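Structural overview
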Amino acid sequence: MTTNELKSIISHILFSEQVYGLTVFTCLKEETNLRLKKLQITDILKTSIKNLLESVATAMFLAEETELDSAENIADNRKVLYEIAQTELYTPFDYLNDYQHITDTYSESDQKNLVGYFFRVNRNDDAIWFFQAVYPMSVMDRSKMLYAILSKGETYTTLKKEIVRIDQRLDIAIIGNSIITSKIELLQRHFGFEDYVRSEAYSTVCEIEALNLLSDTEKFLDFINKAKLTNAKKLMKVKNSPVLKMDKVDLFKRLKRHPRYQDKFKYDGDTIVIKTQKDVNEFIKMLNDDIVRSDLTDQEYDSPSKQPLEPIGKVQ
């Protein structure tokens, strides 16, 4: 999906002339599973939620600076929206498909299990799901604090019912099989994204192994299994590297005479030797072709960090 396609879908659903439908669900965590319950709301509240969705969606998706990037590039940590495809290996929101069969309604006793709210917006058969996470500071726990509300005149009385707080924020959009979000940590916390990232990283290592570029991939597996996902995310980005599509003989010839890479790798016959984590990092940087030269300044950069590099000769 392109950025313009995303904007077109959002505009069609929320801002066409016809009235669109809205259903609100709560997302509850029960043991290790997530489930939906309907949130019963008045017409007045529904109108307020629609106004909120339109306002936030305009700022989040339709602004001129809005940009959509592929999930493979999440290691770049750019301030953009990322598109993550739901596949057979990663279907964190498949339970949304059964929304029509949801009859249970949310009650105050469910508050301790509340993860967030799902807003289903539809125009005829076209629909978008929006998700808003609930954070601890958003929940009013009346068992630990005394809350009072203005009653009659200037008199306050005890709050006896739960208050549901919906913020001016949308964390995730789900359009067809695409997950759109900038909140990668939220996906990791509630929706199994860590397993997805590591799986994609392993898949990348398998593809590299099949090309017989390396003498050994053991250090790559150690690289992936670090507690933080930073390394696995870097390997996700490698998956679509144009370097992997190059002829192996031609690639090695170029590497051995490239002023930036000629001293980075050691070779064992027709394979690159990987002995340390530093070797892994250099190999990944090479696959991502991170060294770029500015036509304007003739300066070379490490593209993810934009750190200037010392001048050096060009490849012959």
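This text gives an overview of the structure that appears in the document. Note that the structure is a prediction, hence the values are computed from the model and not measured. All chains use their own residue numbering, which begins from 1 and follows the written sequence. Local features in this predicted model are restricted to residues whose pLDDT is 70 or higher, and side-chain atom pairs enter the listing and the counts only when it is 80 or higher, whereas totals over whole chains, interfaces and linings include all residues. The basis for every side-chain value is the complete set of non-hydrogen atoms in the structure, without hydrogens or water.

**Observations concerning the overall build of the protein chain**
What counts, and what does not: Put simply, DSSP H or I for four residues or longer makes a helix, DSSP E for two residues or longer makes a strand, and each gets a number counted from the N terminus. For every residue, the accessible area obtained with a 1.4 Å probe (protein chains only) is divided by the maximum for its type, and the residue is called buried under 20%, exposed over 50%, and partly exposed between those limits. Residues count as neighbours in contact if any of their non-hydrogen atoms are within 4.5 Å of one another. All accessibility values rest on the Shrake-Rupley procedure with a 1.4 Å probe; residue burial counts only the protein chains present in the view.
Per the secondary structure count, the protein chain includes 8 helices and 15 strands. Sorting the 316 residues of the protein chain into buried and exposed places 43% on the buried side. Sequence separation of at least 24 residues holds for 64% of the intrachain contacts in the protein chain that already meet a minimum separation of 6. Carbon and sulfur atoms form 48% of the exposed surface of the protein chain, whose accessible area is close to 18,300 Å².

**Description of helix α7 (residues 248-257)**
The cut-off we apply is this: Picture the helix axis, draw a direction to every C-beta atom, and the arc is the one those directions span. Counting of polar contacts relies on pairs of N or O atoms within 3.5 Å, with two restrictions inside protein: one atom must be capable of donating a hydrogen and the other of accepting it, and residues adjacent in sequence are counted only when both atoms are side-chain atoms.
Taken residue by residue, α7 has Leu251, Phe252 and Leu255 as its buried positions. Taken end-on, α7 shows its buried residues confined to a sector of 95°, consistent with a single buried face. Opposite the buried face of α7, at more than 90 degrees from it, the exposed residues are Val249 and Lys253. Of the surrounding elements, those touching the buried residues of α7 are β11 (266-268), β12 (271-273) and α8 (277-287). Residue Asp247 occupies the N-cap position of α7, its side-chain oxygen lying 3.2 Å from the main-chain nitrogen of Val249.

**Some details on the packing of helix α1 (residues 3-15) against helix α2 (residues 43-61)**
We count it as follows: Simply put, an axis is a line fit to the C-alpha atoms, just over the touching stretch for a helix, and the angle between two N-to-C directions goes from 0 to 180 degrees. The cut-offs work like this: below 35 degrees is roughly parallel, past 145 is roughly antiparallel, 65 to 115 is roughly perpendicular, and the gaps in between are oblique. If you view the pair so one helix is near and one far, a crossing is left-handed when the near helix is turned anticlockwise from the far one by less than a right angle, and right-handed when it is turned clockwise. Throughout this entry, Asp, Glu, Lys and Arg are counted as charged residues, while Ala, Val, Leu, Ile, Met, Phe, Trp, Tyr, Cys and Pro are counted as nonpolar. The remaining residues, Gly among them, count as polar.
It is at 11 Å that the axes of α1 and α2 come closest, and there the two elements cross at 165°. Between α1 and α2, the interaxial angle falls into the category roughly antiparallel. In this structure, α1 meets α2 at a crossing whose hand is left-handed. In this structure, α1 contributes Leu6, Lys7, Ile10, Leu14 and Phe15 to the contact, and α2 contributes Leu53, Glu54, Ala57, Thr58 and Phe61. Each residue belonging to the contact of α1 with α2 can be placed in one class, and the counts come to 7 nonpolar, 1 polar and 2 charged.

**Quick word on the pattern of salt bridges**
To keep it simple, the criterion reads: When a carboxyl oxygen of Asp or Glu lies within 4 Å of a side-chain nitrogen of Lys or Arg, that pair is called a salt bridge.
Summed over the entire model, instances satisfying the criterion amount to 14 salt bridges. With its nearest N and O atoms 3.6 Å apart, the salt bridge here joins Glu30 to Arg35. A salt bridge links Asp167 to Arg169; its shortest N-O distance comes to 2.8 Å. For Asp167, a relative accessible area of 14% translates into the label buried. The structure contains a network of salt bridges with shared partners spanning Arg165, Asp167, Arg169, Asp171 and Lys183.

**A few points about the environment of Ile166**
Checked against the element boundaries, Ile166 lands in the loop between β8 (156-158) and β9 (172-175). Remark: the alpha-carbon pair of Ile166 and Leu52, spanning 114 residues in sequence, is separated by 9.2 Å. Contacts of Ile166, omitting those with residues within four sequence positions, involve Ile49, Leu52, Tyr117, Phe119 and Gln132.

**Points about unusual backbone geometry**
Of note in this structure, Asn124 is not a glycine but carries a positive phi near 60°. Topologically, Asn124 is positioned in the loop between β5 (114-123) and β6 (126-133). Overall, Asn124 belongs to the exposed group, its relative accessible area being 70%. Non-glycine residue Asn212 carries a positive phi angle of around 55°. Note on Asn212: relative accessible area 39%, which makes it partly exposed.

**Here we look at the nonpolar core**
Filter applied, for reference: The definition of a nonpolar core used throughout is a set of buried Ala, Val, Leu, Ile, Met, Phe, Trp, Tyr and Cys residues joined through side-chain atoms within 4.5 Å.
In this structure, Ile84, Phe93, Phe118, Leu187 and Phe283 are the most contacted members of the largest nonpolar core, which totals 57 residues. Ranked by residue count, the leading element in this core is helix α4 (residues 193-210), at 6 residues. In contact with Phe93, other than residues within four places in its own chain, are Gln86, Phe118, Ile172, Ile174, Ile179, Leu187 and Phe191.

**Observations concerning the sheet that holds β6**
Selection rule: Any two strands are treated as partners once DSSP identifies two or more bridges connecting them.
Pairing is mixed across the open sheet formed by 8 strands, whose spatial order is β2-β1-β5-β6-β9-β10-β4-β3. The open sheet is flanked by β2 (33-38) and β3 (68-70), the only strands paired with a single partner. Put simply, the sheet's adjacent strands are angled 25° from each other on average, direction ignored. Here β3 pairs with strand β4 (residues 81-85) via 3 bridges, running parallel.

**Brief notes about the packing of aromatic side chains**
Cut-off, in case you're wondering: Centre distance within 6.5 Å is the pairing criterion for rings of Phe, Tyr and Trp, where only the six-membered ring of Trp is used; planes under 30 degrees apart are then read as stacked, over 60 as edge-to-face, and the remainder as tilted.
Overall, the coordinates contain 17 aromatic pairs when judged by the stated rule. Measuring from ring centre to ring centre gives 4.7 Å for Tyr90 and Tyr196, while their planes differ by 35°; the resulting arrangement is tilted. Linking Tyr90 in the loop between β4 and β5 with Tyr196 in helix α4, this pair joins segments that are 106 residues apart in sequence. The same class applies to Tyr90 and to Tyr196, which are both buried.

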